[in-house]
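Geometric and topological summary
Chain residues, written in single-letter form:
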Amino acid sequence: QVQLVESGGGSVQAGGSLRLSCAASGIIFSRAIMGWYRQAPGKQRELVATIGSNGITSYADSVKGRFTISRDNAKNTVYLQMNSLQPEDTAVYYCAADGRVTAVPRAYWGQGTQVTVSS
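This write-up is about the structure you can find in this document.

Criteria and cut-off values
Residues numbered from 1 in each chain as written. Predicted model: local features only at pLDDT ≥ 70, side-chain atom pairs only at ≥ 80, totals over all residues. Heavy atoms only, no water. Helix = DSSP H or I, 4+ residues; strand = E, 2+ residues; numbered from the N terminus. Rg over C-alpha atoms; globule rule 2.2 N^0.38 Å. Buried < 20%, exposed > 50% of the residue type's maximum accessible area, 1.4 Å probe, protein only. Contact = heavy atoms within 4.5 Å. Areas by Shrake-Rupley, 256 points an atom, 1.4 Å probe, with all protein chains shown as cover. Lys, Arg positive; Asp, Glu negative; His and termini not counted. Charge placed at Lys NZ, Arg CZ, Asp CG, Glu CD. Salt bridge = Lys/Arg side-chain N within 4 Å of Asp/Glu carboxyl O. Pairing = 2+ DSSP bridges.

1. Quick look at the overall build of the protein chain
When its secondary structure is counted, the protein chain shows 0 helices and 11 strands. Secondary structure elements in the protein chain, listed N-terminal to C-terminal, are β-β-β-β-β-β-β-β-β-β-β. Its C-alpha radius of gyration of 13 Å places the protein chain within 12% of the 14 Å reference for a compact globule of 119 residues. If you line up the protein chain on its principal axes, its C-alpha atoms span 40 × 25 × 25 Å. Split into buried and exposed, the 119 residues of the protein chain put 41% on the buried side. Of the contacts made within the protein chain by residues no fewer than 6 positions apart, 55% connect residues no fewer than 24 positions apart. Of the roughly 6,100 Å² of accessible surface on the protein chain, 47% is carried by carbon and sulfur atoms. The average position of the 11 basic charges and that of the 7 acidic charges among the side chains of the protein chain differ by 5 Å.

See below:
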């Protein structure tokens, strides 16, 4: 079975940094597109960043220059380095994966990890 397990969330002050990790199992990780979404209370889920099997990355405009998505195929893990965090970044962050040819990952989801940024 496919399993995605996020870790690394927590509470930080504005301007701080966090690194989220997502450990994947049950998929051919090197062939999968991976991504991070986030959802704040009362808000729609937002795609934050993706990284394809080819290494091409994409980012939401709101996080460009601050967040970096990366993957380590040897560890079957995708990361989201979040710098210069602001209160508006507060949300539950979800890891997602898809083994299909698709623009964004949506087939498999992790349980989410909370990120809280205080002013």
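Additional details are given in the paragraphs that follow.
2. A short note on the pattern of salt bridges
For side chains bearing opposite charge, pairing can occur when the charged atoms are close. One pass over the structure, following the stated rule, counts 5 salt bridges. Its salt-bridge partner being glutamate 46, residue arginine 38 comes within 2.9 Å of it at the nearest N-O pair. Classification of arginine 38 by relative accessible area gives buried; the value is 7%. In this structure, aspartate 61 engages lysine 64 in a salt bridge whose closest nitrogen and oxygen atoms are separated by 3.0 Å. Each member of the pair, aspartate 61 together with lysine 64, is exposed. A single salt-bridge network, built from bridges that share partners, covers Arg38, Glu46, Arg66 and Asp89.

3. Points about the environment of aspartate 72
Within the element layout of this structure, aspartate 72 appears in strand β7 (residues 67–72). As for aspartate 72 and isoleucine 33, which are separated by 39 residues in sequence, their C-alpha atoms are 13 Å apart. Setting aside its immediate chain neighbours within four residues, aspartate 72 contacts Phe29, Thr77 and Tyr79.

4. A few points about unusual backbone geometry
One non-glycine residue with positive phi stands out, namely asparagine 76, at about 50 degrees. Take asparagine 76: it is sitting in the loop between β7 and β8 (77–82). The partly exposed category is assigned to asparagine 76, whose relative accessible area is 28%. One non-glycine residue, serine 84, lies in positive phi territory at about 50 degrees. Looking at the secondary structure, you find serine 84 in the loop between β8 and β9 (91–98).

5. Notes on the pairing of β8
Across the 6 residues that make up β8, a large majority, 5, are buried. Relative to β8, strand β3 (residues 18–25) runs antiparallel, the two sharing 6 bridges. By the bridge assignment, leucine 18 is partnered in β8 with methionine 82. Bridge count for β7 against β8 is 6 bridges, and the pairing is antiparallel.

6. Digging into the pairing of β3
Note: strand β1 (residues 3–7) against β3, 5 bridges, orientation antiparallel. Paired with glutamate 6 across the strands is cysteine 22, a residue of β3.

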